[in-house]
Amino acid sequence: MNPFREAIMADPWETPRSDVPTIHQTVFEQCLQGLEYVRRNKRSTALLIHGAAGSGKTHLFSRLRSRLAPTMPTATDRSEALFVWVRLQTSPRMIWRMVRRTLVNDWFRPLTDARSQFDRILFHRLAQIRVAEGDLEPWYEYMLQEHPDGLRELIDQIASNLALDRNTHVALEHLTFCRHRRDLQAWLCGDSLPEAALARLDLEQADEGDEEREDQARRTVLMLCQLAGSELPIVIGFDQVEALESGSEDRAALFAFGQLVSTLHDSTSNVLIISAVQSAFATRLLDDSRIADRDRMASFGNLSLSPLEQTEAGELIRQRLLASEEPLPPESQTELLWPLSQTDLAQLFSSGSVTPRKLLTRCADRFDALLQSTVTDQTIELPPAKTIDDFLEETWEMVVEEKLKTSHPEQTEEILRHSLPMAAQLIEPDLKVAHDDQLPDVSLILEGHSGRTGVSVCTQSNMTSLTARLKRLKSQSELGRLKRLVVIRDGRVPVSPTAKKAKEYLQDLQKGGAAIVHPTPEVLATLDALRALLSDARSGDLAFHGDAVAPKTLEEWFAKQFSNNLKEFVREIIDTGSPAKESGEDSVLIEAINSLLTRQPMMNLEDAAGELGIPTEKLVDIARRYPHFFGILGNPESILFRAVQKADHENT
Amino acid sequence: MAKSNAPLAPMSMEDRSHLLQVVREAEEPLEATKVVKLAKTSRRPTAEVEAVMQEFVQDGILIVWPAKSAKGKPRYWDRSVTSVGSASIQELVQKSSEPVSVKDVKKLWKSPFKLSDTEIASILNDLARSGVIYEIPAKTATSGVRYWKHDVEEFCRHSLLTQIKTQPPQTKAKLKAAVKWLDQKRFDDLIEQLTRQKEIFLHPALGKSKSAQALWGHTPPSPEPYLKNIREQLTTVVKQLQSAFVLQADLRRAAVQMLEASGISFGAGSSAATEAASVRVAETVDFVKLIHSVEPGADRGALVPARVLRAAAKMPKATFDSLALQFAREGKIVLHEHDFAASLSQEARDELVSDGQGNFYVGMALRARKEG
């Protein structure tokens with residue numbers, strides 16, 4: 001295996017193939033000093049780190065995450081810290097929701113001995129009021145098993161000291177007693193939970209509009225930071241900030257990011273905020289952000305990730321060779337900077353230094369070429385060199401497949417709000433994203449020549465929340481501020497049979513001219529892949545032969561590949577004049593059949609028709625017209641079943 | 001031999017296609033007589049070829065171009081005046097370092113076909129309306145409107161800066177003469193803006209005479225002429241005090257106190273702005289010192305955009321870029337590459353450092369070194 005091939009680090013939670021501590025050492029030490037400043041002064045601060053694409057921003061986060069990772073059980077006398085890494089692939093209007101979800105998921109991630117960062121917070125909080133000698137974990141285990149009432153009293157005391165609201169108090173108690181972890185994680189992430197799950201958790205979920213949910217996310221993040229306390233400072237790393245922007249004129253993205261950093265900076269006392277951006281974006285961030293936000297973004301420093309000098313490059317190559325498990329040619333041991341040639345060095349160091357990504361890519365290419373030439377006399381038919389189109393096609397297929405596997409209804413709103421403007425602008429470049437304060441439940445407004453289309457993503461699992469949202473949406477649709485309203489439903493979260501009011505509101509909306517659309521999981525996965533790759537491209541993290549692929553190149557390639565399904569879906573939303581593909585009656589039936597099959601995934605066709613109160617022929621007809629949702633088995637047709645994606649099925 | 005009067009056979013379809021091919025391959029619109037000359041078919045009368053050309057025009061295959069002169073004949077081509085002329089004129093205006101009038105366009109015109117004044121004026125007007133180029137007022141009442149790649153505001157700025165950089169410090173009235181077509185209010189605003197941005201510098205009126213006037217120059221004024229009278233007075237007073245046996249140390253202390261009270265600092269901590277202004281640029285410049293002067297966080301590796309440093313260096317782009325690359329190769333500074341420079345506008349790209357080989361750098365920083 002080529003030891004130089006992995007030149008991009010996509011996630012700092014991964015362990016890198018090798019690390020050269022002397023590379024970016026001063027910047028890394030500044031991060032540690034920033035953390036020490038937070039711990040000592042009990043004040044939050046921020047670092048802005050910038051570098052060219054491929055300079056090692058995510059690698060730096062990985063080194064920091066690795067340094068902060070616990071190597072020993074939690075104890076009060078050790079300087080511990082928490083780590084959160086947020087890749088800002090979202091819409092600026094959902095930025096706090098993205099931070100909330102990532103923070104909660106990172107803190108639930110199992111670390112050493114299956115303990116999570118949330119567990120560490122708990123141990124530290126307990127130790128503050130009940131001094132324990134030595135490691136906290138055995139003490140906690142003992143309390144959990146032998147003195148659960150005593151433990152509950154301690155939790156009550158923590159809640160009282162921190163003035164936690166009832167919901168947070170209950171959540172902390174569940175955390176302490178390891179109850180309903182999956183639902184608790186979803187609740188803390190802000191996901192819509194069914195009534196039964198909320199009842200089990202004994203928690204509430206407010207039925208609120210978009211801005212309130214964003215505000216709720218902000219309050220939750222600040223409350224969780226407060227819960228961690230000054231003993232456990234938190235590093236929050238923001239990566240791919242560029243992905244927030246929909247274009248170079250997008251001031252909303254810069255404003256939202258500036259506000260996020262300023263709020264975290266001023267409203268917490270234990271956070272080190274590290275924003276890592278490309279150098280070109282850093283100059284825009286500093287030029288175009290509000291002065292107050294800019295000052296806070298770099299309150300502890302504004303640092304560069306310098307490209308590598310020859311000595312650093314030599315060390316990186318050496319470490320990669322050392323980490324290789326394959327036998328290597330003897331020259332690799334004797335020649336400095338092997339496998340690079342003098343010409344490579346002259347080209348790579350033409351401006352004095354080179355980014356790690358460019359260096360590793362050149363080494364990888366040179367390694368392959370040298371390996372080929374050492375194969376004896378045999379003539380080897382080399383495959384034709386890969387083109388950028390081949391690369392994008394391969395990457396695209398891989399990402400779509402991965403997105404299909406991990407697709408989840410909770411992500412539907414974020415996927416659509418972030419990716420729909422990108423996809424729609426590829427079809428109609430003049431489309432703009434608009435905002436209307438009087439339509440708080442319309443998730444996205446696209447404004448074009450033919451008028452404004454509003455898209456409301458109504459995919460709540462909780463029927464009370466869904467009903468409340470549809471009710472508000474109905475009254476907002478009557479204001480006449482949109483040319484067309486599209487209500488997006490997710491077939492995987494059907495309206496339950498008992499949610500009669502929700503059904504009524506949906507029908508009323510349709511009668512009022514709204515289109516109800518059920519995107520297929522494939523369409524959602526494609527949109528998710530599009531936003532992921534475009535975000536990577538905007539942040540310089542999509543590279544071909546060591547060079548970053550420009551967003552424009554990706555957009556042009558994607559415009560040629562646009563699948564019919566996706567194009568049809570996007571057109572159905574943006575074409576204000578076109579009739580909805582799904583008729584009103586179809587939408588109602590899709591919801592009803594989905595609801596039925598959620599309870600019983602496979603049913604006798606006649607029984608199903610009977611329960612739905614429609615003729616069997618009609619049921620067969622609709623199942624045939626929507627094969628991505630339903631299937632029919634038997635000859636003659638006798639069994640109706642719910643279509644499940646292969647990947648989705650594997651997950652369940 | 002007697003000339004044959006036998007009628008010619010009607011023109012074949014092949015001949016017609018050949019005529020069309022001749023026109024299509026031509027580098028400029030052709031008169032029918034020219035088409036006849038260039039055609040390799042059997043010789044046809046010009047009138048007949050003219051008729052065929054007219055048919056092509058009616059069918060929308062060819063476009064008729066106006067005659068070159070009053071006595072000339074109409075010409076034929078498969079491209080329209082607007083489409084061909086528009087692209088060439090747009091390129092010409094975009095490349096011009098100064099605004100151009102219709103007459104200028106005509107002078108600079110290098111395409112094989114010619115356009116009339118009316119056609120050029122109409123194309124320029126259309127391009128300006130579509131926002132591709134900008135209209136600039138005429139120099140005088142009799143000369144025509146001009147067009148440029150930048151708008152009026154940018155042109156005023158450009159004109160004033162050129163005037164100031166190429167001449168010694170001048171009065172406001174003289175500067176106004178360089179942009180006489182600009183109204184007084186906008187002129188005053190522009191002067192104020194350029195002064196605020198430190199692109200030009202006010203030289204206060206020297207002396208108290210009525211003829212003394214404030215001037216504007218491209219560098220701050222030299223202090224010596226302003227301090228001349230004070231120095232003479234001080235010399236007299238110092239001589240008197242020395243003859244009264246005042247100690248040298250006391251004189252020095254009093255002089256420093258007096259100067260500090262007047263706002264002249266002798267401390268080491270002078271402001272970044274003063275330092276930046278004091279950097280004198282000759283053939284070369286110390287980039288490291290310059291970076292320090294514009295970015296207080298330079299030692300920790302803060303990035304300085306190329307645009308900011310170039311403004312502080314006050315050097316031509318080519319010299320600046322070449323020096324930046326030289327400093328980077330020597331390891332004194334680090335250049336940060338822009339990955340998508342191709343997607344930027346020409347103007348934005350011009351702000352970056354270019355190595356002439358397709359690589360562009362957004363800014364530079366000092367290499368952060370580990371202490372000790």
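Computed from a predicted structure; not experimentally measured. (Residues numbered from 1 in each chain as written. Chains lettered and ligands numbered in written order. Predicted model: local features only at pLDDT ≥ 70, side-chain atom pairs only at ≥ 80, totals over all residues. Heavy atoms only, no water.)

Draft legend 1. Main features of the sheet that holds strand 15 (residues 639-642) of chain A. Residue and element names in this part refer to chain A. Overall, antiparallel pairing links the three strands, which are arranged 13-15-14 in an open sheet. Looking at which strands have only one partner, the edges of the open sheet turn out to be strand 13 (602-604) and strand 14 (630-633). Pairs of neighbouring strands in the sheet enclose a mean axial angle of 25°, with direction left out of account. In terms of strand pairing, strand 13 meets strand 15 through three bridges, oriented antiparallel. The residue of strand 15 that forms the bridge with methionine 602 is phenylalanine 641. Sheet contacts for helix 26 (residues 605-612): strand 13 and strand 15; angle to strand 13, the most-contacted strand, approximately 90°. (Pairing = 2+ DSSP bridges. Helix = DSSP H or I, 4+ residues; strand = E, 2+ residues; numbered from the N terminus. Axes fitted to C-alpha atoms, helices over the stretch in contact; angles between N-to-C directions. Contact = heavy atoms within 4.5 Å.)

Draft legend 2. Seen up close, the interface of chain A and chain B. At the interface, 36 residues of chain A touch 23 residues of chain B. Surface buried jointly by chain A and chain B totals about 2,300 Å² across both partners, of which 50% is contributed by carbon and sulfur atoms. Together, A:Thr26, A:Glu309 and A:Ser351 form the three largest contributors to the area buried by chain A at its contact with chain B, with a combined 19%. Joining chain A to chain B, the criterion identifies four salt bridges. Remark: the boundary between chain A and chain B carries 14 residue pairs in polar contact (both at pLDDT 80 or more). Every element with two or more residues in the side of chain A that touches chain B is listed here: helix 1 (25-41), strand 1 (45-51), helix 12 (279-288), strand 5 (301-304) and helix 22 (521-538) of chain A. Grouping the constituent residues of the side of chain A that touches chain B by class yields 13 nonpolar, 17 polar and six charged. (Buried area = accessible area lost by both parts, 1.4 Å probe. Salt bridge = Lys/Arg side-chain N within 4 Å of Asp/Glu carboxyl O. Polar contact = N/O pair within 3.5 Å; in protein donor to acceptor, adjacent residues only side chain to side chain. Nonpolar A, V, L, I, M, F, W, Y, C, P; charged D, E, K, R; others polar.)

Draft legend 3. Main features of the sheet that holds strand 3 (residues 75-77) of chain B. Residue and element names in this part refer to chain B. Across the sheet, which stays open at both edges, the three strands sit in the order 1-3-2 with antiparallel pairing between neighbours. The open sheet has two edge strands with one neighbour each: strand 1 (30-31) and strand 2 (63-65). Alignment of strand 1 against strand 3, held across two bridges, turns out to be antiparallel. Following the sheet pairing, leucine 30 is matched in strand 3 by tyrosine 76.

Draft legend 4. Layout of the domain arrangement of chain A. Residues and elements named next belong to chain A. Parsing chain A into structural domains produces domain 1 (28-299), domain 2 (310-374), domain 3 (409-574) and domain 4 (600-651). Contacts between domain 3 and domain 4 engage six residues on the former and four residues on the latter. Both faces considered, domain 3 and domain 4 share a buried interface measuring about 440 Å² in area, 65% of it formed by carbon and sulfur atoms. Taken as a group, Thr520, Pro521 and Glu522 account for 60% of the area that domain 3 buries against domain 4, more than any other trio of residues on that side. Applying the counting criterion to the domain 3 and domain 4 interface returns zero salt bridges. On inspection of domain 3 and its partner domain 4, the count reaches zero residue pairs in polar contact (both at pLDDT 80 or more). Tallied by class, residues from the side of domain 3 that touches domain 4 come to two nonpolar, two polar and two charged. (Domains from an automatic or database assignment.)

Draft legend 5. Structural context of the packing of helix 19 (residues 412-427) of chain A against helix 22 of chain A. All names here are of chain A. Running from N to C, helix 19 and helix 22 cross one another at 65°; their axes reach a closest spacing of 9 Å. The angle between the axes of helix 19 and helix 22 places the two elements in the roughly perpendicular class. Viewed along their axes, helix 19 and helix 22 form a crossing whose handedness is left-handed. The segment helix 19 lies against helix 22, with Thr412, Glu414, Ile415, Leu416, His418, Ser419, Met422 and Ala423 engaging Leu524, Leu527, Asp528, Leu530, Arg531, Leu534, Ser535 and Arg538. (Parallel < 35°, antiparallel > 145°, perpendicular 65-115°, else oblique. Left-handed = near helix turned anticlockwise from the far one by under 90°.)

Draft legend 6. Looking closely at the pairing of strand 11 (residues 360-365) of chain B. Residue and element names in this part refer to chain B. Counting buried positions along strand 11 yields six of six residues, so the element is predominantly enclosed. In this structure, strand 8 (residues 304-305) lies alongside strand 11, joined through two bridges in antiparallel fashion. Counterpart to valine 304 in the pairing with strand 11 is methionine 364. Bridge analysis of strand 9 (residues 334-337) against strand 11 gives four bridges, and the strand direction is antiparallel. Among the inter-strand pairings, leucine 335 is bridged to a residue of strand 11, identified as methionine 364. As paired elements, strand 10 (residues 353-354) and strand 11 share two bridges and run antiparallel to each other. Within strand 11, the residue paired with serine 354 across the bridge is phenylalanine 360. (Buried < 20%, exposed > 50% of the residue type's maximum accessible area, 1.4 Å probe, protein only.)

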